[in-house]
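# Inside the fold
The residues making up each chain are set out below.
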Amino acid sequence: MNEMLSKPRIGIDPYLDWVKGEGVPVVNDYAIYLFDVETAPWPRYGMKGAAVHCEGRGDFASMFLFELPPGGSSTPMRHLYEDVIYVLEGTGSTQVELADGTKRHFEWGPRSLFSIPINARHRHFNGSGQKRALFVTTTDMPLIMNIFHNDKFIFDTPFEFAERVGKSEYYSGGGDMIMIRPGNHTWETNFVPDLEKMKLTEWDERGAGSSIILFVLADGNMHAHLSEMPTGTYKKGHRHGAGAHVMIVSGTGYSLFWWDDAKDFKRLEWRHGMVFPPVERQWHQHFNTGTRPARYLATSMGSIRYPFTARKRRSTGTTSEGAEIAVATSAKKGGDQIEYEDQDSRIHPMFIEEMRRNGATPKMDKYFEDDGTPKVRAAR
Ligand SMILES: [Fe+2]
(Lines give C-alpha, C1' and ligand atoms only; values in the text may rest on other atoms or scores of the structure.)
Protein backbone atom coordinates (compact mmCIF):
# COMPACT_ATOMS: atom_id res chain seq x y z
CA MET A 1 0.00 0.00 0.00
CA ASN A 2 1.13 3.51 -0.74
CA GLU A 3 2.33 4.96 2.59
CA MET A 4 1.04 8.37 1.51
CA LEU A 5 -2.53 7.03 1.35
CA SER A 6 -2.53 5.19 4.69
CA LYS A 7 -3.11 7.08 7.91
CA PRO A 8 0.26 8.21 9.25
CA ARG A 9 1.16 6.72 12.64
CA ILE A 10 1.77 9.94 14.52
CA GLY A 11 0.46 11.52 17.73
CA ILE A 12 -0.23 8.15 19.33
CA ASP A 13 -0.98 7.85 23.07
CA PRO A 14 -0.53 4.13 23.86
CA TYR A 15 -1.98 4.63 27.36
CA LEU A 16 -5.25 6.12 26.11
CA ASP A 17 -5.44 3.46 23.38
CA TRP A 18 -5.01 0.76 26.04
CA VAL A 19 -7.78 2.24 28.23
CA LYS A 20 -10.07 2.34 25.20
CA GLY A 21 -9.26 -1.27 24.43
CA GLU A 22 -10.11 -2.33 28.00
CA GLY A 23 -13.67 -1.22 27.29
CA VAL A 24 -14.32 0.40 30.67
CA PRO A 25 -16.03 3.73 31.42
CA VAL A 26 -13.73 6.74 31.27
CA VAL A 27 -14.56 9.98 33.08
CA ASN A 28 -12.86 13.23 32.15
CA ASP A 29 -13.32 16.40 34.18
CA TYR A 30 -11.50 19.04 36.22
CA ALA A 31 -12.83 17.69 39.53
CA ILE A 32 -14.49 14.31 39.91
CA TYR A 33 -16.77 13.04 42.67
CA LEU A 34 -15.70 9.40 42.81
CA PHE A 35 -18.86 8.06 44.47
CA ASP A 36 -20.82 9.15 41.38
CA VAL A 37 -18.56 7.50 38.79
CA GLU A 38 -20.21 4.71 36.83
CA THR A 39 -18.22 1.47 36.95
CA ALA A 40 -18.50 -1.58 34.66
CA PRO A 41 -16.88 -5.03 34.73
CA TRP A 42 -13.14 -4.77 34.07
CA PRO A 43 -12.24 -8.38 33.18
CA ARG A 44 -8.48 -7.93 33.53
CA TYR A 45 -8.84 -7.04 37.22
CA GLY A 46 -11.86 -9.19 38.05
CA MET A 47 -13.57 -6.15 39.53
CA LYS A 48 -15.84 -3.40 38.31
CA GLY A 49 -13.90 -0.30 37.43
CA ALA A 50 -13.48 2.94 35.56
CA ALA A 51 -10.62 5.15 34.43
CA VAL A 52 -10.63 8.56 36.11
CA HIS A 53 -8.88 11.24 34.07
CA CYS A 54 -8.73 14.64 35.72
CA GLU A 55 -7.78 17.62 33.60
CA GLY A 56 -4.75 18.31 35.81
CA ARG A 57 -3.44 14.74 35.89
CA GLY A 58 -0.31 15.64 33.93
CA ASP A 59 1.69 13.32 31.69
CA PHE A 60 2.59 10.57 34.12
CA ALA A 61 -0.38 9.68 36.34
CA SER A 62 -4.00 8.63 36.14
CA MET A 63 -6.56 7.05 38.43
CA PHE A 64 -8.53 3.82 38.31
CA LEU A 65 -11.62 3.42 40.45
CA PHE A 66 -12.40 -0.17 41.53
CA GLU A 67 -15.48 -1.69 43.07
CA LEU A 68 -15.43 -5.12 44.72
CA PRO A 69 -18.90 -6.68 45.12
CA PRO A 70 -19.95 -8.13 48.51
CA GLY A 71 -17.81 -11.23 49.16
CA GLY A 72 -15.88 -10.63 45.93
CA SER A 73 -12.18 -10.83 45.18
CA SER A 74 -9.98 -9.47 42.43
CA THR A 75 -8.00 -11.52 39.90
CA PRO A 76 -4.52 -12.31 41.27
CA MET A 77 -2.08 -10.21 39.28
CA ARG A 78 1.20 -8.38 39.05
CA HIS A 79 2.15 -5.29 37.05
CA LEU A 80 5.08 -3.06 36.29
CA TYR A 81 3.21 0.15 36.97
CA GLU A 82 3.09 1.50 40.53
CA ASP A 83 0.03 2.65 42.37
CA VAL A 84 -1.21 4.22 45.60
CA ILE A 85 -4.55 2.87 46.74
CA TYR A 86 -6.99 4.91 48.85
CA VAL A 87 -10.07 3.17 50.26
CA LEU A 88 -13.28 5.19 49.93
CA GLU A 89 -15.86 2.76 51.25
CA GLY A 90 -16.10 -0.77 52.67
CA THR A 91 -13.69 -3.15 54.35
CA GLY A 92 -11.50 -5.92 53.03
CA SER A 93 -8.01 -7.29 52.80
CA THR A 94 -5.12 -7.59 50.42
CA GLN A 95 -2.67 -10.45 50.04
CA VAL A 96 0.79 -9.79 48.61
CA GLU A 97 3.23 -12.51 47.50
CA LEU A 98 6.80 -11.41 47.95
CA ALA A 99 9.95 -12.18 46.02
CA ASP A 100 11.09 -14.70 48.66
CA GLY A 101 7.84 -16.66 48.31
CA THR A 102 6.36 -15.48 51.61
CA LYS A 103 2.99 -13.79 51.80
CA ARG A 104 1.78 -10.66 53.57
CA HIS A 105 -1.80 -9.97 54.41
CA PHE A 106 -3.40 -6.79 55.76
CA GLU A 107 -6.92 -5.58 56.43
CA TRP A 108 -8.17 -2.21 55.24
CA GLY A 109 -11.20 0.01 55.70
CA PRO A 110 -12.35 3.53 54.85
CA ARG A 111 -9.43 5.99 54.62
CA SER A 112 -6.76 3.26 54.42
CA LEU A 113 -3.81 4.01 52.13
CA PHE A 114 -1.42 1.43 50.69
CA SER A 115 0.91 0.48 47.85
CA ILE A 116 1.78 -2.87 46.36
CA PRO A 117 5.53 -3.26 45.74
CA ILE A 118 6.23 -3.02 42.03
CA ASN A 119 5.38 -6.25 40.19
CA ALA A 120 4.50 -8.18 43.38
CA ARG A 121 1.63 -10.63 42.88
CA HIS A 122 -1.40 -9.49 44.86
CA ARG A 123 -5.11 -9.95 45.31
CA HIS A 124 -7.85 -7.90 46.99
CA PHE A 125 -10.76 -9.38 48.96
CA ASN A 126 -13.97 -7.68 50.07
CA GLY A 127 -14.41 -8.58 53.75
CA SER A 128 -18.15 -7.97 53.76
CA GLY A 129 -20.85 -10.29 52.47
CA GLN A 130 -23.35 -7.42 52.31
CA LYS A 131 -21.57 -4.25 51.20
CA ARG A 132 -19.40 -3.27 48.26
CA ALA A 133 -15.85 -2.00 48.71
CA LEU A 134 -14.77 1.02 46.69
CA PHE A 135 -11.18 2.16 46.29
CA VAL A 136 -9.30 4.48 43.99
CA THR A 137 -5.73 3.98 42.85
CA THR A 138 -3.40 6.68 41.54
CA THR A 139 -1.07 5.02 39.05
CA ASP A 140 1.89 5.79 36.83
CA MET A 141 0.39 3.58 34.12
CA PRO A 142 0.37 6.47 31.57
CA LEU A 143 4.15 6.72 31.97
CA ILE A 144 4.78 2.97 31.86
CA MET A 145 2.42 2.24 28.95
CA ASN A 146 3.75 5.18 26.96
CA ILE A 147 7.26 3.74 27.32
CA PHE A 148 6.57 0.09 26.49
CA HIS A 149 3.34 0.12 24.40
CA ASN A 150 2.71 -3.47 25.44
CA ASP A 151 0.29 -4.63 28.12
CA LYS A 152 1.51 -8.22 28.04
CA PHE A 153 4.94 -7.02 29.11
CA ILE A 154 3.46 -4.81 31.85
CA PHE A 155 1.15 -7.47 33.33
CA ASP A 156 3.04 -10.67 32.50
CA THR A 157 6.70 -10.20 33.38
CA PRO A 158 7.82 -12.59 36.13
CA PHE A 159 10.73 -10.48 37.43
CA GLU A 160 10.91 -10.11 41.22
CA PHE A 161 12.06 -6.77 42.65
CA ALA A 162 13.40 -8.14 45.95
CA GLU A 163 14.70 -4.72 47.06
CA ARG A 164 11.18 -3.26 47.04
CA VAL A 165 9.63 -5.68 49.53
CA GLY A 166 10.16 -3.59 52.69
CA LYS A 167 10.01 -4.62 56.33
CA SER A 168 7.25 -6.99 57.45
CA GLU A 169 5.82 -4.32 59.80
CA TYR A 170 5.26 -2.12 56.74
CA TYR A 171 2.32 -4.44 55.97
CA SER A 172 0.72 -4.25 59.42
CA GLY A 173 0.49 -0.52 60.07
CA GLY A 174 4.08 -0.04 61.27
CA GLY A 175 6.66 2.14 59.60
CA ASP A 176 9.69 4.35 60.01
CA MET A 177 9.48 8.06 60.73
CA ILE A 178 12.22 9.84 58.81
CA MET A 179 12.68 13.32 60.29
CA ILE A 180 14.22 15.63 57.70
CA ARG A 181 12.88 19.20 58.17
CA PRO A 182 9.42 20.82 58.30
CA GLY A 183 7.63 20.00 55.05
CA ASN A 184 9.87 16.99 54.30
CA HIS A 185 9.20 14.70 57.29
CA THR A 186 8.35 11.28 55.91
CA TRP A 187 6.62 8.12 57.10
CA GLU A 188 7.97 5.09 55.27
CA THR A 189 5.64 2.12 55.09
CA ASN A 190 3.48 0.13 52.66
CA PHE A 191 0.16 0.40 54.49
CA VAL A 192 -1.55 3.13 56.56
CA PRO A 193 -4.70 1.72 58.24
CA ASP A 194 -6.55 5.05 58.70
CA LEU A 195 -5.46 8.48 57.48
CA GLU A 196 -7.78 10.10 60.04
CA LYS A 197 -5.56 8.71 62.82
CA MET A 198 -2.19 9.37 61.22
CA LYS A 199 0.08 11.70 63.22
CA LEU A 200 1.22 14.74 61.29
CA THR A 201 4.14 17.15 61.73
CA GLU A 202 3.97 20.95 61.87
CA TRP A 203 4.71 23.01 58.80
CA ASP A 204 3.92 26.59 59.76
CA GLU A 205 5.46 28.08 56.61
CA ARG A 206 2.45 26.80 54.61
CA GLY A 207 -0.03 28.67 56.76
CA ALA A 208 -1.75 28.97 60.11
CA GLY A 209 -1.06 25.81 62.13
CA SER A 210 -0.72 23.70 59.01
CA SER A 211 0.68 20.19 59.39
CA ILE A 212 1.73 17.45 57.00
CA ILE A 213 3.35 14.06 56.60
CA LEU A 214 4.86 12.74 53.38
CA PHE A 215 4.80 9.04 52.59
CA VAL A 216 7.30 6.75 50.95
CA LEU A 217 5.19 3.72 50.05
CA ALA A 218 6.73 0.42 48.94
CA ASP A 219 9.97 2.33 48.20
CA GLY A 220 8.23 3.65 45.10
CA ASN A 221 8.12 6.54 42.69
CA MET A 222 4.50 7.27 43.59
CA HIS A 223 4.08 10.07 46.10
CA ALA A 224 1.45 10.68 48.75
CA HIS A 225 1.11 13.29 51.46
CA LEU A 226 -1.51 14.06 54.04
CA SER A 227 -2.18 17.66 55.16
CA GLU A 228 -4.29 19.10 57.93
CA MET A 229 -5.66 22.56 58.51
CA PRO A 230 -6.82 23.37 62.06
CA THR A 231 -10.35 24.66 62.65
CA GLY A 232 -10.83 28.29 61.60
CA THR A 233 -7.81 28.47 59.31
CA TYR A 234 -6.70 28.33 55.72
CA LYS A 235 -3.42 27.63 53.99
CA LYS A 236 -1.42 30.03 51.87
CA GLY A 237 -1.93 30.04 48.10
CA HIS A 238 0.66 28.14 46.10
CA ARG A 239 1.34 26.37 42.81
CA HIS A 240 3.32 23.43 41.45
CA GLY A 241 3.39 20.98 38.56
CA ALA A 242 0.36 19.00 37.37
CA GLY A 243 -0.63 15.59 38.65
CA ALA A 244 -1.12 16.18 42.42
CA HIS A 245 -4.43 14.38 42.88
CA VAL A 246 -5.98 16.10 45.91
CA MET A 247 -8.60 14.01 47.72
CA ILE A 248 -10.67 15.27 50.63
CA VAL A 249 -10.33 12.92 53.61
CA SER A 250 -12.29 14.79 56.30
CA GLY A 251 -13.72 18.17 57.16
CA THR A 252 -15.61 20.96 55.46
CA GLY A 253 -14.21 23.62 53.22
CA TYR A 254 -13.46 24.80 49.73
CA SER A 255 -10.54 25.40 47.39
CA LEU A 256 -9.87 28.30 45.04
CA PHE A 257 -7.98 28.06 41.74
CA TRP A 258 -6.81 30.93 39.54
CA TRP A 259 -4.35 32.16 36.97
CA ASP A 260 -2.22 35.30 37.36
CA ASP A 261 -4.25 37.30 34.85
CA ALA A 262 -7.72 35.91 35.68
CA LYS A 263 -10.41 38.23 37.04
CA ASP A 264 -12.15 35.54 39.05
CA PHE A 265 -11.44 32.40 41.02
CA LYS A 266 -12.68 28.95 40.24
CA ARG A 267 -14.16 27.58 43.47
CA LEU A 268 -14.84 23.99 44.51
CA GLU A 269 -16.73 22.88 47.62
CA TRP A 270 -15.25 19.86 49.38
CA ARG A 271 -16.89 16.46 49.69
CA HIS A 272 -15.29 13.22 50.83
CA GLY A 273 -14.69 11.28 47.63
CA MET A 274 -13.84 14.30 45.52
CA VAL A 275 -10.57 14.50 43.58
CA PHE A 276 -9.08 17.55 41.87
CA PRO A 277 -5.47 17.88 40.72
CA PRO A 278 -4.79 21.59 40.05
CA VAL A 279 -3.51 21.94 36.50
CA GLU A 280 0.14 22.75 35.71
CA ARG A 281 1.34 25.87 37.60
CA GLN A 282 -2.18 26.96 38.50
CA TRP A 283 -2.43 28.91 41.76
CA HIS A 284 -4.68 27.30 44.36
CA GLN A 285 -5.55 27.64 48.04
CA HIS A 286 -7.41 25.43 50.54
CA PHE A 287 -9.83 26.70 53.25
CA ASN A 288 -11.22 24.91 56.30
CA THR A 289 -14.63 26.43 57.02
CA GLY A 290 -15.91 23.73 59.36
CA THR A 291 -15.88 23.18 63.09
CA ARG A 292 -13.22 20.47 63.10
CA PRO A 293 -9.77 19.98 61.51
CA ALA A 294 -9.82 19.25 57.78
CA ARG A 295 -7.53 16.72 56.12
CA TYR A 296 -6.70 16.07 52.50
CA LEU A 297 -4.54 13.52 50.73
CA ALA A 298 -2.52 14.26 47.60
CA THR A 299 -1.09 11.54 45.36
CA SER A 300 1.19 11.98 42.37
CA MET A 301 4.10 10.56 40.40
CA GLY A 302 7.46 11.56 41.89
CA SER A 303 8.06 10.93 45.60
CA ILE A 304 10.28 12.70 48.11
CA ARG A 305 12.72 9.77 47.76
CA TYR A 306 12.49 9.56 43.97
CA PRO A 307 11.25 12.97 42.77
CA PHE A 308 11.64 11.92 39.09
CA THR A 309 11.40 15.41 37.57
CA ALA A 310 13.45 18.57 38.09
CA ARG A 311 10.20 20.41 38.82
CA LYS A 312 9.31 17.98 41.61
CA ARG A 313 12.81 18.34 43.06
CA ARG A 314 12.32 22.10 43.14
CA SER A 315 8.88 22.02 44.74
CA THR A 316 10.03 19.54 47.41
CA GLY A 317 13.39 21.24 48.01
CA THR A 318 15.43 18.19 47.00
CA THR A 319 17.55 19.85 44.30
CA SER A 320 20.51 20.02 46.69
CA GLU A 321 21.37 19.94 50.37
CA GLY A 322 19.43 22.71 52.13
CA ALA A 323 17.59 23.87 49.00
CA GLU A 324 14.42 25.86 49.57
CA ILE A 325 11.07 24.12 49.33
CA ALA A 326 9.53 26.13 46.49
CA VAL A 327 5.90 25.55 47.54
CA ALA A 328 6.70 27.06 50.96
CA THR A 329 8.82 29.97 49.71
CA SER A 330 7.34 33.36 48.87
CA ALA A 331 6.87 34.14 45.19
CA LYS A 332 8.65 37.43 46.00
CA LYS A 333 11.76 35.37 46.73
CA GLY A 334 11.39 33.25 43.61
CA GLY A 335 9.27 30.54 45.23
CA ASP A 336 5.75 29.32 44.53
CA GLN A 337 3.80 30.52 47.57
CA ILE A 338 1.71 33.65 48.11
CA GLU A 339 2.10 35.00 51.65
CA TYR A 340 -1.08 36.10 53.43
CA GLU A 341 -0.11 39.78 53.19
CA ASP A 342 0.35 39.46 49.42
CA GLN A 343 -2.85 37.60 48.59
CA ASP A 344 -5.77 39.01 46.59
CA SER A 345 -7.88 41.29 48.81
CA ARG A 346 -11.07 39.27 48.08
CA ILE A 347 -9.72 36.03 49.56
CA HIS A 348 -9.85 36.78 53.30
CA PRO A 349 -13.36 38.40 53.33
CA MET A 350 -14.71 35.40 51.37
CA PHE A 351 -13.38 33.07 54.09
CA ILE A 352 -14.76 35.23 56.95
CA GLU A 353 -18.18 35.32 55.30
CA GLU A 354 -18.16 31.53 54.85
CA MET A 355 -17.20 31.04 58.50
CA ARG A 356 -20.03 33.31 59.60
CA ARG A 357 -22.49 31.31 57.52
CA ASN A 358 -21.26 28.06 59.11
CA GLY A 359 -21.35 29.46 62.65
CA ALA A 360 -17.62 28.76 62.95
CA THR A 361 -14.96 31.03 64.47
CA PRO A 362 -12.01 32.21 62.34
CA LYS A 363 -8.61 31.74 63.98
CA MET A 364 -6.45 33.88 61.74
CA ASP A 365 -5.76 36.64 64.32
CA LYS A 366 -2.03 36.05 64.11
CA TYR A 367 -2.10 37.13 60.47
CA PHE A 368 -5.03 39.58 60.13
CA GLU A 369 -6.46 42.54 62.06
CA ASP A 370 -10.12 42.44 63.07
CA ASP A 371 -10.94 44.59 60.05
CA GLY A 372 -9.29 42.03 57.72
CA THR A 373 -6.07 44.00 57.10
CA PRO A 374 -3.06 41.70 56.87
CA LYS A 375 -0.81 42.25 59.92
CA VAL A 376 2.54 42.18 58.16
CA ARG A 377 1.45 44.78 55.63
CA ALA A 378 -0.03 46.96 58.38
CA ALA A 379 3.30 46.86 60.23
CA ARG A 380 5.32 48.02 57.24
FE1 LIG B 1 -1.08 22.12 45.95
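Further up the page is the structure itself.
To start, this report covers the structure provided alongside it. The numbering scheme is per chain: residues are counted from 1 as the chain's sequence reads. Selection of residues for local features in this predicted model requires a pLDDT of at least 70, selection of side-chain atom pairs for listing and counting requires 80 or more, and totals for whole chains, interfaces and linings are taken over all residues. Here the side-chain values reflect all heavy atoms present in the structure, with hydrogen atoms and water set aside.

### Structural notes on the environment of P182
What counts here: Helix numbering and strand numbering both begin at the N terminus, where a helix is a DSSP run of H or I of at least 4 residues and a strand a DSSP run of E of at least 2. Per-residue accessibility, obtained with a 1.4 Å probe over protein chains only, is compared with the maximum for each type, and a residue is labelled buried under 20%, exposed over 50%, and partly exposed between these values.
Along the chain, P182 falls in the loop between β12 (176-178) and β13 (186-189). Owing to a relative accessible area of 40%, P182 belongs among the partly exposed residues under this scheme. Taking the C-alpha atoms as reference points, P182 and E205, separated by 23 residues in sequence, lie 8.4 Å from one another.

### Examining empty space enclosed by the protein
Rules: Put simply, the grid is 1 Å and covers the protein atoms alone, a cavity is a trapped set of points that fit a 1.4 Å probe, a pocket is an open set with protein on both sides within 12 Å along at least five of seven lines, and lining residues have an atom within 4 Å of a point. Grid points are joined across faces, edges and corners, and a volume is the space filled by probe spheres set on the points. As a working rule, the residues Ala, Val, Leu, Ile, Met, Phe, Trp, Tyr, Cys and Pro are called nonpolar, Asp, Glu, Lys and Arg charged, and the rest polar, with Gly in that last group.
Under the defined criterion, the tally for this structure stands at four cavities of 30 Å³ or more. In this structure, the largest cavity occupies an estimated 100 Å³ of space. Surrounding the largest cavity, 14 residues form its lining, Y45, M47, F66, H122 and H124 being those nearest its centre. Elements with a contribution of two residues or more to the lining of the largest cavity: β6 (83-89), β10 (121-126) and β11 (133-139). Among the residues forming the lining of the largest cavity, the class breakdown is seven nonpolar, six polar and one charged.

### Thoughts on the packing of aromatic side chains
Each aromatic ring pair is described using two quantities: the centre-to-centre distance and the angle formed by the ring planes. For clarity, the cut-off: Classification of ring pairs rests on two measures: the distance between centres of Phe, Tyr or Trp rings, Trp counted by its six-membered ring, which must be within 6.5 Å, and the angle between planes, read as stacked under 30 degrees, edge-to-face over 60 and tilted in between. Our definition puts a charge over a ring when NZ of Lys or CZ of Arg is within 6 Å of the ring centre and also within 35 degrees of the ring normal.
Tallying each qualifying case throughout the model produces 34 aromatic pairs. Both rings, one in W18 and one in W42, keep their centres 6.1 Å apart while their planes meet at 45°; by these two values the pair is tilted. In this pair, W18 is assigned in helix α1 (residues 14-22) and W42 in strand β3 (residues 40-42), connecting sequence segments 24 residues apart. We note that W18, like W42, is buried. When the centroid spacing of 6.2 Å and the interplanar angle of 80° are considered together, the rings of Y45 and F155 count as edge-to-face. One end of the pair, Y45, is in the loop between β3 and β4 (47-54); the other, F155, is in helix α3 (residues 151-155), with 110 residues separating them in the sequence. Each member of the pair Y45 and F155 is classed as buried. Here the guanidinium or amino end of K266 rests over the ring plane of Y30, the centre of that ring lying 4.4 Å away. Over the ring of Y33 we find R271; its NZ or CZ atom is 3.6 Å from the centre of that ring.

### Some thoughts on the pairing of strand β5 (residues 62-68)
Note the following rule: Think of it this way: DSSP has to see at least two bridges between two strands before they count as a pair.
Burial runs high along β5: seven of the seven residues are buried. In β5, alternate side chains face the same way, and those of S62, F64, F66 and L68 on one face and M63, L65 and E67 on the other are all buried. Both β4 and β5 contribute to a ladder of five bridges, which runs antiparallel. Bridge pairing in β5 places K48 opposite E67. Pairing analysis gives seven bridges linking β5 to β11, with the strands arranged antiparallel.

### Some words on the layout of surface pockets
Here the largest pocket is characterised by a volume of approximately 610 Å³. For the largest pocket, the lining is made up of 36 residues, of which H240, G241, A244, K312 and S315 are closest to its centre. The set of elements that each furnish at least two residues to the lining of the largest pocket consists of β16 (211-217), β17 (222-229), β23 (283-288), β24 (294-301) and α4 (310-316). Per-class residue counts for the lining of the largest pocket are 13 nonpolar, 16 polar and seven charged.

### Description of a negative patch on the surface
What counts here: Nonpolar side chains (Val, Leu, Ile, Met, Phe, Trp, Tyr) are joined into patches within 5 Å and like charges within 9 Å, using only residues with over 30% relative accessible area and no salt bridge. Reported accessibility uses the Shrake-Rupley method at a 1.4 Å probe radius. Residues are deemed covered only where the shown protein chains occlude them. When a carboxyl oxygen of Asp or Glu is within 4 Å of a side-chain nitrogen of Lys or Arg, the pair counts as a salt bridge. A residue counts as positive if it is Lys or Arg and as negative if it is Asp or Glu; His and the chain ends are not included. Each charge is placed at NZ for Lys, CZ for Arg, CG for Asp and CD for Glu.
Taken together, the side chains of D365, E369, D370 and D371 define an acidic patch exposed on the protein surface. Take D371: it is sitting in the loop between α5 (347-358) and α6 (375-379). Note on D371: relative accessible area 63%, which makes it exposed.

### Let's talk about the pattern of salt bridges
This structure, assessed with the given rule, holds 29 salt bridges. A salt bridge links E67 to R132; its shortest N-O distance comes to 3.5 Å. Residue E67 is located in strand β5, and its partner R132 is located in the loop between β10 and β11; the two are separated by 65 residues in the primary sequence. Its salt-bridge partner being K197, residue D194 comes within 3.8 Å of it at the nearest N-O pair. Connected via shared salt-bridge partners are R267, E269, E353, E354, R356 and R357.

### Examining α1
Which entries qualify depends on this criterion: Here, the arc refers to the directions that run from the helix axis to the C-beta atoms. The contact rule is simple, with two residues in contact once any of their heavy atoms fall within 4.5 Å.
Along α1, the residues that are buried comprise P14, Y15, W18, V19 and E22. Buried residues in α1, looked at end-on, bunch into an arc of 140°, giving them a common side. The exposed set on the far side of α1, more than 90 degrees from its buried face, consists of K20 and G21. For α1, the elements touching its buried residues are β1 (26-29), β3, β4, β5, α2 (141-148) and α3.

### Let's talk about α5
Inclusion rule: Helices are assigned an expected span. That span is 1.5 Å times one less than the residue count.
Taking 1.5 Å per residue as the helical rise, α5 with its twelve residues ought to reach 16 Å, and the 17 Å between its terminal C-alpha atoms agrees with that figure. Looking only at α5, the buried set comprises I347, H348, F351, E354 and M355. For α5, the arc enclosing every buried residue in end-on projection is 125°, short of the 170-degree limit, so these residues lie on one face. Relative to its buried face, α5 has exposed residues pointing more than 90 degrees away, namely R356 and R357. Where α5 is buried, its residues touch β20 (253-258), β21 (266-269) and β23. Directly beyond the C-terminal end of α5, a positive phi value near 65° is found at G359.

Everything listed here is a matter of geometry and, on its own, says nothing about what the molecule does.
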